[in-house]
Amino acid sequence: MKTISVNCVANVSVEEAWKKMRDLGKPHFYVPGLTGAEITSIQKEGVGTSRRVYSDRAPLIETVTAWDEGRGFTLKLHSDSGDGIPPLFKNASFQYALEPVSEFETKLINCMQFEMKWGIFGDLLYKIIMKSMHQMQKKIVISQKKYYETGKAQKIS
């Protein structure tokens, strides 16, 4: 399993950050390349909540597998068929977490865990694209910070 973890400090309280983080219908407000999202489960938050996220590729399903009220959650990524997410990964998940820094500052911690397809070839491919994957995760956390601080959707390229 490979892990990419990034973080930054947002100028908002943990409570304010959590209000925005827990809204699972708005990842397109801070994730580059997403054009929309819809909750597909009856429940709107907590373990078992699912959403479909849209981009210029086939939609992906993200399902909450862990929920720590006020602190964060983990999303498993999968396709409509429930298998690994194409094209590169056997499996992947994202963990979004909050950690108080001060009364009005919160550390945003985003961690992507994944397993590449294709064995050794997949590991070589990962080494080639690792830098761009890390940069993408950094863009997400910086956009997330701006969204949490302003409440406005971020224009991300």
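Everything discussed here concerns the structure shown above.
Residues numbered from 1 in each chain as written. Predicted model: local features only at pLDDT ≥ 70, side-chain atom pairs only at ≥ 80, totals over all residues. Heavy atoms only, no water.

**Student:** Run through helix H1 (residues 14–21), naming residues and quoting values.
**Tutor:** Every buried residue of H1 is accounted for by Val14, Ala17, Trp18, Lys20 and Met21. Down the axis, H1 shows its buried residues gathered within 165° of arc, on one side only. Residues of H1 that are exposed and point more than 90 degrees away from the buried face comprise Glu15 and Lys19. In the core, the buried residues of H1 are packed alongside strand E4 (60–68), strand E5 (72–78), strand E6 (89–102), strand E7 (105–116) and helix H2 (119–150). (Buried < 20%, exposed > 50% of the residue type's maximum accessible area, 1.4 Å probe, protein only. Helix = DSSP H or I, 4+ residues; strand = E, 2+ residues; numbered from the N terminus. Arc of directions from axis to C-beta. Contact = heavy atoms within 4.5 Å.)

**Student:** Tell me about the packing of aromatic side chains, residues and numbers included.
**Tutor:** Applying the stated criterion to the full structure yields 13 aromatic pairs. On the basis of an interplanar angle of 10° and a centroid distance of 5.5 Å, the ring pair of Trp67 and Phe73 is categorised as stacked. For the pair formed by Trp67 and Phe73, the shared burial category is buried. Each ring, one from Phe89 and one from Phe114, has its centre 5.1 Å from the other, and the planes form 65°; the classification is edge-to-face. On the criterion of sequence distance, the pair formed by Phe89 in strand E6 and Phe114 in strand E7 is long-range, its members being 25 residues apart. Here Phe89 and Phe114 have matching classes, each one buried. In this structure an aromatic cluster arises from ring pairing among Trp18, Phe29, Tyr30, Trp67, Phe73, Phe94, Tyr96, Tyr147 and Tyr148. (Phe/Tyr/Trp six-rings, centres within 6.5 Å; stacked < 30°, edge-to-face > 60°.)

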